Amino acid sequence: MSVLLNIDLGELPGEPEELYALAHLANVACGGHAGDADSIDRAIARAREHGARVGAHPSYPDREGFGRRAIEISRERLVVSLREQVALLKARAALAGVEVGHVKAHGALYHSLDRDEALASAALRACVDVLGRVEILGPPGGATEHAARALGLEFLTEGFADRGMLPDGSLVPRGQPGALITDAEAARAQMLALLESGRYATLCVHGDTPIAVSIARAVRDTIDRFG
């Protein structure tokens, strides 16, 4: 199976269009931490133009914290929010004649789901109820993977180009030394190691990284060469 580059997109105004040309998978923010109907429409149009597959990038409903903090919210309210987020993306995609083919949680929710299989199962069920049997992206071996496979969903194990990773595949927490990779060649070296491990089906670049285009170019080139 070819390794795919996924990029988190639709989060900031003025994001470089080249990111859509480099991405195999475009994870589109759909209103939780960022994004609205207008930004979603732009992201979908760019993804369609460049051949990137559109997926949902839902989060805790926390625009103030950009979805990077685990907020106090009941499971029931979170499920409602996730349904609303992915339903918004699905509706905008349908208007453009585009299918939503995968889901990747954002930020703190990504980590919360991977620690709690019951929460992961509830969240994935909410997304599948709206979108159908989509692919799920997440870290290897954790609760998200277990929940996805229990639901019979295809799971793509994910590594990161622009984040420091620990030996078990988890991320170095933001704010700690080595958490962020901001050099394209360092990202390329990390990707080579991840690709050679054979553990990862998809590699991520965050679209809001200051040099996201340079990192995405290096990663896409590495993927194409390795493949």
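The structure displayed is predicted, hence computed values, not measured ones.

A. Unusual backbone geometry, seen in detail. Residues other than glycine seldom take positive phi values, yet Phe66 does so here, at roughly 55°. Tracing the chain through its elements places Phe66 in the loop between strand E3 (53–57) and helix H3 (75–95). The exposure class of Phe66 is buried, given its relative accessible area of 17%.

B. Summary view of the packing of helix H2 (residues 37–50) against H3. Interhelical geometry of H2 versus H3 gives an angle of 55° and a closest axis separation of 10 Å. In terms of orientation, H2 lies oblique with respect to H3. When you trace H2 past H3, the crossing you get is right-handed. Judged by residue contacts, Ala37, Ile40, Asp41 and Ile44 of H2 engage Leu88, Leu89, Arg92 and Ala93 from H3. Its residues placed into classes, the contact of H2 with H3 shows 6 nonpolar, no polar and 2 charged.

Reading the values: the criteria
- Residues numbered from 1 in each chain as written.
- Predicted model: local features only at pLDDT ≥ 70, side-chain atom pairs only at ≥ 80, totals over all residues.
- Heavy atoms only, no water.
- Helix = DSSP H or I, 4+ residues; strand = E, 2+ residues; numbered from the N terminus.
- Buried < 20%, exposed > 50% of the residue type's maximum accessible area, 1.4 Å probe, protein only.
- Axes fitted to C-alpha atoms, helices over the stretch in contact; angles between N-to-C directions.
- Parallel < 35°, antiparallel > 145°, perpendicular 65-115°, else oblique.
- Left-handed = near helix turned anticlockwise from the far one by under 90°.
- Contact = heavy atoms within 4.5 Å.
- Nonpolar A, V, L, I, M, F, W, Y, C, P; charged D, E, K, R; others polar.

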